[in-house]
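For reference, the chains in residue letters:
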Amino acid sequence: MPTIRLEKITKKFGKDSIAVNQMDLEIKDGEFVSLLGPSGCGKTTTLRMIAGLETPTEGEIYIDGELVFSEEKGVNLSPDKRNVGFLFQNYALWPHMTVYKNISFGLENMKWDKSKIDARVNEICETMRIKEYMNRYPAELSGGQQQRVAIARTLAPNPRILLMDEPLSNLDAKLRNDMRAELKRLHMTTKATFVYVTHDQSEAMTLSSKVCLMKEGVVQQYCPPLQLYGEPANLFCADFMGNPSMNFIQCHGKAYGDSIDLNCKHFAVRFTPNHPIDLNDGEYVLGIRPEFVVVDEKCSIEGRVISSLPSGMETTLSLAVNDVTFSAVAFGSIDFAMDSIIHFGFSGDRYVLFDASSTKMITLGSLEVLNV
Ligand code: ATP
């Protein structure tokens, strides 16, 4: 049974502003789902509606099979009756309380008995590796330690569902990385359902079992992160995932047997779909991930190096083919001289064909360079 289900959820602010539009979403028990998208796309509003902190304009929400909100049936359970924990960006700890008290306070309010509280606080501090700080005050802790206390406080009552809104955004890059690993570990140990708001695609990629990518209040794609990266539903999804982002090449296609010949501005390629489908003559966009641009002297397309950014493990390149720029990633510890001419081509079957007018993905396939 799914833990959280949204059915045709819409949230309007005022008359014209639609923050979330007819959203259907099913989050299964034990999943780690990220709500991802650019600023203002409706992520926070969605999370707040699940929590009961925002009232939808239309639709229904179920948690663990129970109807917690229905506009039509006049149901609206208050946040404390939904059995969910929240963790927000500003996780204010109470400064005048010790770590122990910060965590135990909520349990006392829930009328847990004293020995049970003590056992639980000790247990959760152990899990969050903050046991040695239990008697300190928040001001005596680093940002990362404070964040761990905030997570411990949220997890203490054993919520089956944990809702988090950009909980790592106030931390520096190194701490953020450590906390990501911590969150992933916590997800495994608690087996709770995590719903996580972020605008950071790499965070969503690395943490989630599924990503819900939104744009202007509408879900664009909801699937495991590697599928979102490899088989984006449309140009928006393809562009949002990955850094450096996918190369997009406008082209005119002419069907050729099971393949289609794509006339791009400075070269022509034959695209063969991985599975046979009917392709008509028309306008297309070819999507090429930078890591599938193969830099090799034997290849026929020439590019001028306009930037070379070696990171040690790989080098990110910008290559100019006349007035078109390509991003490429060359693996290994190599640097390329500025303005040098290098050759590149394509291999494998992860190239993506999009319909130029609808922007939707048509299929994945392989490429053969026809002429340059
Ligand atoms: P961000 O990443 O910037 O936090 P978001 O994807 O979480 O963005 P929301 O905060 O859900 O976006 O906002 C969605 C839309 O609803 C935005 O256009 C926002 O301006 C609008 N909105 C949110 N809260 C309110 C409010 N209380 N009153 C009016 N409009 C609001």
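First, a word on scope: everything that follows refers to the structure included in this document. (Residues numbered from 1 in each chain as written. Predicted model: local features only at pLDDT ≥ 70, side-chain atom pairs only at ≥ 80, totals over all residues. Heavy atoms only, no water.)

### Section: the nonpolar core
Thought 1: Among the nonpolar cores identified, the biggest contains 34 residues, and I103, M128, I130, I151 and F194 are the most heavily contacted of them.
Thought 2: Only α2 (99-109), α3 (114-127), α4 (143-155), β8 (161-165), α5 (173-190) and β9 (193-198) provide two or more residues apiece to this core.
Thought 3: At five residues, α4 tops the list of elements feeding residues into this core.
Thought 4: Here I103 is in contact with V121, I124, C125, I130, V149, A152, R153 and A156, once residues within four sequence places are set aside. (Core = buried A, V, L, I, M, F, W, Y, C linked by side-chain atoms within 4.5 Å. Buried < 20%, exposed > 50% of the residue type's maximum accessible area, 1.4 Å probe, protein only. Helix = DSSP H or I, 4+ residues; strand = E, 2+ residues; numbered from the N terminus. Contact = heavy atoms within 4.5 Å.)

### Observations concerning the site of the ligand
Thought 1: Around the ligand, the neighbouring residues are F13, A19, P38, S39, G40, C41, G42, K43, T44 and T45.
Thought 2: Contact distances for the ligand include 3.0 Å between an oxygen atom and a backbone N or O atom of G42.
Thought 3: When the ligand is considered free in solution it has 640 Å² of accessible area, and contact with the protein chains removes 56% of it.
Thought 4: At three residues, helix α1 (residues 43-51) tops the list of elements feeding residues into the shell around the ligand.
Thought 5: For the shell around the ligand, a count of residues per class yields four nonpolar, five polar and one charged. (Near = heavy atom within 4 Å. Polar contact = N/O pair within 3.5 Å; in protein donor to acceptor, adjacent residues only side chain to side chain. Areas by Shrake-Rupley, 256 points an atom, 1.4 Å probe, with all protein chains shown as cover. Nonpolar A, V, L, I, M, F, W, Y, C, P; charged D, E, K, R; others polar.)

### What to know about the packing of aromatic side chains
Thought 1: Using the criterion set out here, one finds eleven aromatic pairs in the structure.
Thought 2: Centroid distance F32 to F194: 5.2 Å. Interplanar angle 55°. Geometry classified as tilted. With F32 in strand β3 (residues 32-36) and F194 in strand β9, the pair connects residues that are 162 residues apart, well separated along the chain.
Thought 3: For F32, a relative accessible area of 1% corresponds to the buried category.
Thought 4: Relative to Y351, the ring of F346 lies with its centre 5.7 Å away and its plane at 75°, an arrangement referred to as edge-to-face. Neither residue differs from the other here; F346 and Y351 are each classed as buried.
Thought 5: Clustering of aromatic rings is evident, with ring pairs tying together F267, F292, F326, F344, F346 and Y351.
Thought 6: The cationic tip of R5 hangs over the ring face of Y62; the distance from NZ or CZ to the ring centre is 4.3 Å.
Thought 7: Its end group placed over the ring of W112, K116 keeps NZ or CZ at 4.2 Å from the ring centre. (Phe/Tyr/Trp six-rings, centres within 6.5 Å; stacked < 30°, edge-to-face > 60°. Lys NZ or Arg CZ within 6 Å of the ring centre and 35° of its normal.)

### Quick notes on the environment of F194
Thought 1: F194 sits in the buried class, given a relative accessible area of 0%.
Thought 2: As a C-alpha pair, F194 and S34 span 160 residues in sequence and 8.2 Å in three-dimensional space.
Thought 3: Residue contacts for F194: discarding those within four places in its chain leaves E31, F32, V33, L162, M164, L183, L186 and H187.

Everything listed here is a matter of geometry and, on its own, says nothing about what the molecule does.
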